[in-house]
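# Examining the three-dimensional arrangement
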Amino acid sequence: QGPFSLPTKTQLVGKDNALLYQVFIPGAMVGKDEDVLLQSQLTTITASGPDGQIYRTRTAQGFDAFVLVGESTSTSYYRERKGSKE
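In short, a report on the structure. What you see is a predicted model, and the numbers here were worked out from it, not measured in a lab. (Residues numbered from 1 in each chain as written. Predicted model: local features only at pLDDT ≥ 70, side-chain atom pairs only at ≥ 80, totals over all residues. Heavy atoms only, no water.)

### A short note on the environment of E80
Here E80 shows up in strand 5 (residues 72–81). The partly exposed category is assigned to E80, whose relative accessible area is 31%. Sequence separation of E80 and L19 is 61 residues, and the distance between their C-alpha atoms is 16 Å. Those residues in contact with E80 that sit more than four places away from it in its chain are I54, Y55 and R56. (Helix = DSSP H or I, 4+ residues; strand = E, 2+ residues; numbered from the N terminus. Buried < 20%, exposed > 50% of the residue type's maximum accessible area, 1.4 Å probe, protein only. Contact = heavy atoms within 4.5 Å.)

### Some remarks on the sheet that holds strand 1 (residues 8–13)
The strand order across the open sheet formed by five strands is 1-2-3-4-5, and the pairing between neighbours is antiparallel. Among the strands making up the open sheet, the edge pair consists of strand 1 and strand 5. The average angle at which neighbouring strand axes cross in this sheet is 15 degrees, direction not considered. Relative to strand 2 (residues 18–25), strand 1 runs antiparallel, the two being bridged by six bridges. Paired with T10 across the bridge in strand 2 is Y21. (Pairing = 2+ DSSP bridges. Axes fitted to C-alpha atoms, helices over the stretch in contact; angles between N-to-C directions.)

### Structural notes on the pattern of salt bridges
Any two side chains of opposite charge can pair, given that their charged atoms come close. As enumerated under the stated definition, the model contains one salt bridge in all. The closest approach of N and O atoms between E80 and R56, which form a salt bridge, is 2.1 Å. Here E80 is found in strand 5, whereas its partner R56 is found in strand 4 (residues 53–63), with 24 residues between them in sequence. Given a relative accessible area of 34%, R56 falls into the partly exposed group. (Salt bridge = Lys/Arg side-chain N within 4 Å of Asp/Glu carboxyl O.)

### Concerning the packing of aromatic side chains
Taken as a whole and judged by the stated rule, the model has zero aromatic pairs. Lying across the ring of Y55, R79 places its NZ or CZ 3.7 Å from the centre. (Phe/Tyr/Trp six-rings, centres within 6.5 Å; stacked < 30°, edge-to-face > 60°. Lys NZ or Arg CZ within 6 Å of the ring centre and 35° of its normal.)

This is the structure we're talking about:
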C-alpha cells in the first residue's frame, strides 16, 4: 500500500462472467475537477469446446493521465486455461 493509493472502481458486467477494473489518477493531482482514467482492465471467464474447458481472458488498456489526457498509451491481452489438479 504505502502512503499513496489511487482510486479504483470494480464492477461485475455482462452475464456476471466479466469483471471491469479501472484505476484513476486523482483529478486534483493533474489540475482537473474529476479523476482521470489511467488503466482499464476487463477479465472474462468463458467455457469453450466439447469438454467445456474454462478460460480466463484479460485485456487491458493504459491511458495518458498527465499530458495528452485520454490518449491510449498501452494495451495487453492474455488468455489462460484452467488446469486440473493432477
